[in-house]
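Examining the three-dimensional arrangement
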Amino acid sequence: MSGEPEPDRGRQESFRKLLRSLRVWDTELPHFDPATAPADPLPLFQDWLCAAARAGTPEPHTMTLATADASGRPSARTVMLNDADERGWHFATHRTSRKGRDLAARPEAALAFYWPAVGRQVRVQGRVTAASTAETRADLARRSTSALVLALLDRQSEVLPSCATLERTVEAAWERAEREPDAPADSWRLYVLAADEVEFYQGDVRCRHVRLRYRRDSPEAPWATDLLWP
């Protein structure tokens, strides 16, 4: 006997049945003509995010951030987009968190956005740099009190002794954030991903999905574009 529990076959079959029944894009999707795309991916990304917000996609500024540690072991999680400008895609986290440690060891990452209301995805990959302390503090000052609370916790990815410990620590952080809206959060850091590849994916109910990829060899180089098979 291996000691492994017997699988619940009824539960497994119900799960598979549910997966097979799920459908996507049960709505009219927008048309995307890649011939009209700009020479730079940034304005197209900004237009698509705004369109996703107008279409009712919840939290269209959330994205999957994928990193890898020194040994190459990957990790992914959902984070917020702070900004997207000529420098790149901005996000923030603790330097001491798993993603912060990954970025210190391997300063490259990939982002993925998915906006089901419009059947669109965007993939971004490139090199990541940490912003200065002054820029990090300025970015944090522009955000909500809850963002400052998270920054003040300063224990992301550490083992949590109990839910009661979390409750006490978060309550203290809220009190400090409301009392000191400019309180320093030493381990919090703003990061900027300078893209060398950005792909735009427009879904189609008849599988005529459009994939437009932007590529460049360096931040100073012009962008080249390709169409990809779906």
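Our structure is the block above this text.
A few words now on the overall build of the protein chain. Helix and strand content of the protein chain: 6 helices and 9 strands. Of all 230 residues assigned to the protein chain, the portion counted as buried reaches 36%. A separation threshold of at least 6 residues defines the contact pool for the protein chain, and within that pool the share at least 24 residues apart is 64%. When the accessible surface of the protein chain is totalled, it reaches about 14300 Å², and 52% of it is carbon and sulfur. Distance between charge centroids for the protein chain: 5 Å, based on 32 positive and 34 negative side chains.

Now for the side chain of Asp-102. In this structure, Asp-102 sits in helix H3 (residues 98-105). One buried charged side chain, Asp-102, makes no salt bridge at all; its nearest oppositely charged neighbour is Arg-77, positioned 4.1 Å away. With near-sequence residues (within four places) excluded, Asp-102 lies in contact with Thr-67, Ala-68, Asp-69, Ser-75 and Arg-77.

What follows is about the side chain of Asp-204. Residue placement: Asp-204 occurs in the loop between strand S7 (188-202) and strand S8 (210-215). For Asp-204, a relative accessible area of 18% puts it in the buried group. Engagement of the side chain of Asp-204 in a polar contact is seen with the side chain of Arg-208, the distance being 3.0 Å.

Together, Glu-167, Glu-171, Glu-175 and Glu-178 make up a region of like negative charge exposed at the surface. Positionally, Glu-175 belongs in helix H6 (residues 163-179).

Let's shift gears to the packing of aromatic side chains. All chains considered together, the criterion is met by 9 aromatic pairs. Their ring planes at 85° and their centres at 6.1 Å tell us that Tyr-214 and Trp-223 sit as a pair that is edge-to-face. Exposure remark for Trp-223: the relative accessible area of 17% places this residue in the buried category. Through a chain of ring-to-ring contacts, the aromatic side chains of Phe-32, Trp-48, Phe-200, Tyr-214 and Trp-223 assemble into a single cluster.

Each value, and the rule that gives it
Residues numbered from 1 in each chain as written. Predicted model: local features only at pLDDT ≥ 70, side-chain atom pairs only at ≥ 80, totals over all residues. Heavy atoms only, no water. Helix = DSSP H or I, 4+ residues; strand = E, 2+ residues; numbered from the N terminus. Buried < 20%, exposed > 50% of the residue type's maximum accessible area, 1.4 Å probe, protein only. Contact = heavy atoms within 4.5 Å. Areas by Shrake-Rupley, 256 points an atom, 1.4 Å probe, with all protein chains shown as cover. Lys, Arg positive; Asp, Glu negative; His and termini not counted. Charge placed at Lys NZ, Arg CZ, Asp CG, Glu CD. Salt bridge = Lys/Arg side-chain N within 4 Å of Asp/Glu carboxyl O. Polar contact = N/O pair within 3.5 Å; in protein donor to acceptor, adjacent residues only side chain to side chain. Patch = residues over 30% accessible without salt bridge, like charges linked within 9 Å, V, L, I, M, F, W, Y side chains within 5 Å. Phe/Tyr/Trp six-rings, centres within 6.5 Å; stacked < 30°, edge-to-face > 60°.

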